[in-house]
Amino acid sequence: EAGVAQSPRYKIIEKRQSVAFWCNPISGHATLYWYQQILGQGPKLLIQFQNNGVVDDSQLPKDRFSAERLKGVDSTLKIQPAKLEDSAVYLCASILAPGRGETQYFGPGTRLLVL
Amino acid sequence: QQQVKQSPQSLIVQKGGISIINCAYENTAFDYFPWYQQFPGKGPALLIAIRPDVSEKKEGRFTISFNKSAKQFSLHIMDSQPGDSATYFCAASFGSGNTGKLIFGQGTTLQVKP
């Protein structure tokens, strides 16, 4: 079974530029999460999708971050404009369906550096 | 109330020793407590998980001890090996009927010396 795919793996941009990340979850997984992991900290949820609908985006800085999941499969996360504090690893995770004890499978992440 | 506090921040153990990482939570609505292992450049991977209706779960060299009254849980790695050197995260989430969102601890960097 293929894992969660993410691209690009690394991105360096100047502040105020825009950037987009792509995630392809495990086939058949209805729920998709985007997490932000700042160096030395645990991942923090940004947004959760159930199929192509948003379930939780309470931690997403909506003035600069946006995300979509077209057709309930792939997802993109965009930052526009980027700030220095957005430097982090952006992790995508997926599960078959939400519920008690479901394993979240994580992708390798996209490491973003904002200069 | 949704925080999960993890300690220590870093840990150095000799090969063959026992590694112990502790976590504490406040929200009694949490009912699923996984531990994730993360190697550099990789995403976190589930190591072992426990539900609050049991006090201990063992899988190979890895054991979770859970103390519901103290709202604490810990990971024990027996016979630690250099290959166990990684960052470990505890987490907590709400159960059925909820989103499955994970609240992570701050992480513990484990180094196992040969």
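Every chain is numbered on its own, with residues counted from 1 as its sequence reads. Chain labels run from A onward and ligand labels from 1 onward, assigned in the order the entries are written. Reporting of local features is limited, given that this is a predicted model, to residues whose pLDDT is at least 70; pairs of side-chain atoms are given and counted only at 80 or more, and all residues count toward the totals for whole chains, interfaces and linings. As a rule here, side-chain values come from all non-hydrogen atoms in the structure, and water together with hydrogens is ignored.

A.B. asks: Which residues make up a nonpolar patch on the surface, and what are the values?
C.D. replies: Patch criteria: residues need more than 30% relative accessible area and no salt bridge. Like-charged residues are merged within 9 Å; nonpolar side chains of Val, Leu, Ile, Met, Phe, Trp and Tyr are merged within 5 Å. Methods summary: accessible areas were calculated by the Shrake-Rupley approach with a probe of 1.4 Å, and residue burial reflects only the protein chains presented. Note on definitions: salt bridges are taken to be side-chain nitrogens of Lys or Arg within 4 Å of carboxyl oxygens of Asp or Glu. On the surface, A:Ile12, A:Leu113 and A:Leu115 cluster together into a nonpolar patch covering about 290 Å² of accessible area. Mapped onto the fold, A:Leu113 is located in strand S11 (residues 110-114). For helices the rule is a DSSP run of H or I covering at least 4 residues; for strands it is a run of E covering at least 2, with both sets numbered from the N terminus onward.

A.B. asks: Before we move on, can you summarise the side chain of B:Gln6 with the specific residues and values?
C.D. replies: Residues and elements named next belong to chain B. Structurally, the position occupied by Gln6 is in strand S1 (residues 4-7). Burial status follows relative accessibility: with a 1.4 Å probe on protein chains alone, a residue under 20% of its type maximum counts as buried, one over 50% as exposed, and anything between as partly exposed. Overall, the relative accessible area of 9% leaves Gln6 in the buried class. Reaching out from Gln6, the side chain makes a polar contact with the backbone nitrogen of Gly107 at a distance of 3.1 Å. The contact definition used throughout considers only heavy atoms, calling two residues in contact when any of these lie within 4.5 Å. Setting aside residues up to four positions removed in sequence, Gln6 forms contacts with Ile21, Asn22, Cys23, Trp35, Tyr88, Phe89, Cys90, Gly105, Gln106, Gly107 and Thr108. For this analysis, a polar contact is any N or O atom pair within 3.5 Å, provided that within protein one partner can donate a hydrogen and the other can accept it, and provided that sequence-adjacent residues contribute only side-chain to side-chain pairs.

A.B. asks: Mind laying out the sheet that holds strand S8 (residues 75-79) of chain A, listing which residues take part and the relevant values?
C.D. replies: Residues and elements named next belong to chain A. Read from one edge to the other, the open sheet built from 4 strands follows the order S1-S3-S8-S7, with strand pairing classed as antiparallel. Two strands lie at the open edges of the sheet, namely strand S1 (5-7) and strand S7 (65-68), each paired on one side alone. Each adjacent strand pair in this sheet contributes to an overall mean axis angle of 15°, direction not counted. The pairing of S1 with strand S3 (residues 19-24) spans 3 bridges and is classified as antiparallel. Counterpart to Ser7 in the pairing with S3 is Trp22. Pairing between two strands requires that DSSP report at least two bridges joining them. To get an axis, fit a line to the C-alpha atoms, keeping to the stretch in contact for a helix; angles then go from 0 to 180 degrees between the N-to-C directions.

A.B. asks: I'd love a proper account of the interface of chain B and chain A, names of residues and values included.
C.D. replies: Across the boundary between the two partners, chain B contributes 23 residues, which contact 23 residues of chain A. We define buried area as the total accessible area lost by two parts upon association, computed with a 1.4 Å probe and summed across both. Each partner contributes to the roughly 1800 Å² buried at the junction of chain B and chain A, and carbon and sulfur atoms together form 52% of this total. On inspection of chain B and its partner chain A, the count reaches 1 salt bridge. A salt bridge links A:Asp56 to B:Lys101; the shortest N-O distance between them is 3.4 Å. Connecting chain B to chain A are 5 residue pairs in polar contact (both at pLDDT 80 or more). Three classes are used: nonpolar for Ala, Val, Leu, Ile, Met, Phe, Trp, Tyr, Cys and Pro, charged for Asp, Glu, Lys and Arg, and polar for all others, with Gly counted as polar. Classifying every residue of the side of chain B that touches chain A gives 8 nonpolar, 10 polar and 5 charged.

A.B. asks: Could you give an account of the sheet that holds strand S7 (residues 62-67) of chain B, with specific residues and numbers?
C.D. replies: All names here are of chain B. One open sheet holds the 5 strands; their spatial order is S1-S3-S8-S7-S6, and the pairing between them is antiparallel. A single partner strand is all that each edge strand has here, and the edge strands are S1 and strand S6 (56-59). Strand-to-strand twist in this sheet, taken as the mean axis angle between neighbours without regard to direction, amounts to 15°.

A.B. asks: Report on the state of the cysteines, specifying residues and quantitative values.
C.D. replies: Note on terminology: disulfide denotes any pair of cysteine sulfur atoms within 2.5 Å. In total, this model carries 2 disulfides over all chains according to the counting rule given. A:Cys23 shares a disulfide with A:Cys92; S-S distance 1.9 Å. Every disulfide takes its handedness from the sign of the S-S torsion; for A:Cys23 and A:Cys92 that torsion is -70°, giving left-handed. Residue A:Cys23 is found in strand S3, and its partner A:Cys92 is found in strand S9 (residues 88-95); the two are separated by 69 residues along the sequence. Taken individually, A:Cys23 and A:Cys92 each receive the classification buried, so the pair is uniform in this respect. Put simply, B:Cys23 and B:Cys90 are joined by a disulfide, and their sulfur atoms are 1.8 Å apart. Between B:Cys23 and B:Cys90 the sulfur-sulfur dihedral comes to about -90°; the bridge is accordingly left-handed. Residue B:Cys23 is found in strand S3 (residues 19-25), and its partner B:Cys90 is found in strand S9 (residues 86-92); the two are separated by 67 residues along the sequence. Each of the two residues, B:Cys23 as well as B:Cys90, counts as buried.

A.B. asks: Explain unusual backbone geometry to me, using residue names and the numbers behind them.
C.D. replies: In this structure, the amide linkage connecting A:Ser7 to the following residue, A:Pro8, adopts the cis form with an omega of -10°. Within the fold, A:Pro8 resides in the loop between S1 and strand S2 (10-13). Going from B:Ser7 to B:Pro8, the amide bond is cis rather than trans, its omega being -5°. Examined against the element boundaries, B:Pro8 turns out to sit in the loop between S1 and strand S2 (10-14). Non-glycine residue B:Lys71 carries a positive phi angle of around 55°. In this structure, B:Lys71 sits in the loop between S7 and strand S8 (72-77). Residue B:Asp79 is not a glycine yet carries a positive backbone phi of 45°. Considering the arrangement of structural elements, one finds B:Asp79 in the loop between S8 and S9. Classification of B:Asp79 by relative accessible area gives partly exposed; the value is 41%.

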